[in-house]
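# Fold and contact review
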Amino acid sequence: MDLQVIDNATCTFCGCVCDDIKLHTDGARIHKAEKACVLGKAWFLNHTAEAQYPAAMVDGNEASLEAAIERAAELLHEADLPLVYGMSNTTCEAQKECVAMADRLGGIVDSHTSL
Ligand code: SF4
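Here we come to the overall build of the protein. Each helix and strand in the protein was counted, giving three helices and seven strands. Relative to the 2.2 N^0.38 estimate, which gives 13 Å for 115 residues, the radius of gyration of the protein is 17 Å and therefore markedly larger than a compact globule would have. Out of the 115 residues in the protein, the part that is buried amounts to 10%.

On to the pairing of strand E2 (residues 21-25). When strand E1 (residues 4-9) meets E2, the two strands line up antiparallel, connected through four bridges. Each bridged residue has a counterpart across the sheet, and for Gln4 the counterpart in E2 is Thr25. For E2 and strand E3 (residues 30-34), the ladder comprises four bridges, and the chain directions are antiparallel. Paired with Lys22 across the strands is Glu34, a residue of E3. In textbook terms, the turn of a hairpin is the stretch between consecutive antiparallel strands, and for E2 and E3 this stretch comprises four residues, one of which, Gly27, has a positive phi near 100 degrees.

The next point concerns the site of the ligand. All residues adjacent to the ligand are Cys11, Phe13, Cys14, Cys16, Val17, Cys18, Ala36, Cys37, Leu39 and Gly40. The class makeup of the residues in the shell around the ligand is nine nonpolar, one polar and no charged.

What follows is about the sheet that holds E3. Sheet strands associate in pairs through backbone hydrogen bonding, adopting either a parallel or an antiparallel arrangement. Pairing in this open sheet of three strands is antiparallel, and the strands run E1-E2-E3 from one edge to the other. Lying at the two open borders of the sheet, with one neighbouring strand each, are E1 and E3. Sheet twist, expressed as the average angle between the axes of neighbouring strands with direction ignored, equals 20 degrees. Helix H1 (residues 38-45) rests against E2 and E3 of the sheet, and its axis sits at about 160 degrees to E3.

For the protein, the assigned domains are domain 1 (4-45) and domain 2 (57-110). On a C-alpha basis, the centroid separation for the pair domain 1 and domain 2 is 28 Å.

Let us look at the environment of Glu93. Structurally, the position occupied by Glu93 is in helix H3 (residues 92-105). Owing to 8 C-beta atoms within 10 Å, Glu93 belongs among the exposed residues under this scheme. Taking the C-alpha atoms as reference points, Glu93 and Cys37, 56 residues apart in sequence, are found 26 Å from one another.

Membership of the largest hydrophobic core is limited to 10 residues, which are Ala9, Cys11, Phe13, Ile21, Leu23, Ile30, Ala33, Ala36, Trp43 and Phe44. Among the elements of the structure, E2, E3 and H1 are those that each provide at least two residues to this core. Discounting residues that sit within four places of it in the chain, Ile30 has contacts with Leu23, His24, Thr25, Phe44 and Leu45.

About the thresholds
- For every chain, the first residue of the written sequence is number 1, and numbering continues from 1 onward in sequence order.
- Residues qualify for local features only when their pLDDT is at least 70, as the model is predicted, and side-chain atom pairs are given and counted only at 80 or more; totals for whole chains, interfaces and linings, by contrast, use all residues.
- The secondary structure listing takes helices from DSSP runs of H or I that are at least 4 residues long and strands from runs of E that are at least 2 residues long, numbered from the N terminus.
- For this measure, only C-alpha atoms enter the radius of gyration; the expected value for a globule follows 2.2 Å times N^0.38, where N is the number of residues.
- Once C-beta atoms are placed from the backbone, each residue is buried if 20 or more other C-beta atoms lie within 10 Å of its own, exposed if 12 or fewer, and partly exposed for counts between those two.
- In this description, strands pair whenever DSSP reports at least two bridges between them.
- We call a residue near a molecule or strand if the C-beta atom, set from the backbone, is within 6 Å of it.
- Gly is placed with the polar residues, together with every amino acid not listed as nonpolar (Ala, Val, Leu, Ile, Met, Phe, Trp, Tyr, Cys and Pro) or charged (Asp, Glu, Lys and Arg).
- Lines fitted to C-alpha atoms define the axes, with helix axes restricted to the stretch in contact, and inter-axis angles between N-to-C directions lie between 0 and 180 degrees.
- In this description, any two residues whose backbone-derived C-beta atoms lie within 7 Å of each other are considered to be in contact.
- Residue ranges assigned to the domains are those given by an automatic or database domain assignment.
- Any set of buried Ala, Val, Leu, Ile, Met, Phe, Trp, Tyr and Cys residues joined through C-beta atoms within 7 Å is what this text calls a nonpolar core.

Structure below.
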């Protein structure tokens, strides 16, 4: 299989924004991510162009976005100390909203970099 090599690709996973990644791709899937750390490699190699999941799920089942938001709000409201976690590969505006939500809920924030 012939792979296309893309030099100086940028990884947006953790926020360090490493911009010297060398990707090997067949056009649909990335097979190798040279110079990426273990998190970056996992991110590059496990994402494809195809959508693998529906837009929203509740209890493992496909649901409308409205139903999923309502269930998430219920869970967050019932939680004693909600953890707002993740926020990788998200915009600064989305991260700002996450911090505001954690503040409003009396919760805490952590990013995936604590892995
Ligand atoms: S996940 Fe790794 S490769 Fe990607 S930006 Fe962060 S440190 Fe760089």
